[in-house]
Amino acid sequence: MRTIALALLLTLACGKAKIDNASKPLSVPGEKVYAMHGKIVGRDTKENALTLDHQAIPGYMEAMTMDYIVRGAKVESLPPNGSTIDAKLHVTDEKGIWITDVVKSP
Ligand SMILES: [Cu+2]
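To keep things clear, this report deals only with the structure shown in the data block. (Residues numbered from 1 in each chain as written. Predicted model: local features only at pLDDT ≥ 70, side-chain atom pairs only at ≥ 80, totals over all residues.)

Here's the deal with the overall build of the protein
Stated precisely, the cut-off is as follows: By the criteria applied, helices consist of DSSP H or I runs no shorter than four residues and strands consist of E runs no shorter than two, each listed in order from the N terminus. Around each residue's C-beta, the other C-beta atoms within 10 Å are counted; 20 or more make the residue buried, 12 or fewer make it exposed, and counts in between make it partly exposed. All C-beta atoms are placed from the backbone. Any residue pair is listed as a contact if its two C-beta atoms, each placed from the backbone, are within 7 Å.
Broken down by element type, the protein carries one helix and five strands. Of the regular secondary structure in the protein, the N- to C-terminal order runs α-β-β-β-β-β. Within the protein, the proportion of its 106 residues that are buried is 17%. Long-range pairs, those at least 24 residues apart, make up 54% of the contacts in the protein between residues at least 6 apart in sequence.

A short note on the sheet that holds strand 5 (residues 97-104)
Stated formally: Should DSSP find at least two bridges between two strands, the strands are regarded as paired. Each axis is a line fitted through C-alpha atoms, taken for helices only over the stretch in contact, and angles between the N-to-C directions span 0 to 180 degrees.
A sheet is described by the order of its strands in space; here five strands give the open sequence 3-2-1-4-5, paired in antiparallel fashion. Each edge of the sheet is formed by a strand with only one pairing partner; in this case those strands are strand 3 (64-69) and strand 5. Shown here is a sheet whose adjacent strand axes are inclined to one another by a mean of 45°, direction ignored. Bridging between strand 1 (residues 32-44) and strand 4 (residues 84-91) involves eight bridges; their strand directions are antiparallel. Looking across to strand 4, one finds that His37 is bridged to Asp86.

Details of the environment of Ile40
Checked against the element boundaries, Ile40 lands in strand 1. Ile40 gets classed as buried once you count the C-beta atoms within 10 Å, which come to 22. Measuring from C-alpha to C-alpha, the distance between Ile40 and Asn81 comes to 5.0 Å, with 41 residues separating the pair along the chain. Those residues within four positions of Ile40 in sequence are excluded, and the remaining contacts are Leu50, Leu52, Pro79, Asn81, Gly82, Ser83 and Ile85.

What to know about the nonpolar core
Here is the rule: Buried Ala, Val, Leu, Ile, Met, Phe, Trp, Tyr and Cys residues whose C-beta atoms connect them within 7 Å together make up a nonpolar core.
Within the largest apolar cluster, 13 residues are counted, with the highest numbers of intra-cluster contacts made by Leu50, Tyr68, Val70, Ala87, Ile99 and Val102. Contributions of two or more residues to this core are made by strand 1, strand 2 (49-54), strand 4 and strand 5. Once residues within four sequence positions are removed from consideration, Ile99 is found in contact with Met36, Tyr68, Val70, Ala87, Lys88 and Leu89.

Structural data, given as structure tokens:
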């Protein structure tokens, strides 16, 4: 029992260490991409995620505040909390959702 638990733990740890969210592919085949506009209200450097208070994304999501994994950049390098931003939201059926191209709105 203990061995199984340890093996599982190692598998999870290795899976995570392999590739961090910031370095995962920016795009995958079959994804849908939506334009996002909102405000950064928080960030999680471990998950490389931003908490965004964003406007409605027509055809996909109402306006709301939620966390989004960021790919292609470290959240530490993105505009400070309180910034109004534009981003691209990538949505897949089985590989989750994430954002890229986070830039301060003009
Ligand atoms: Cu949402």
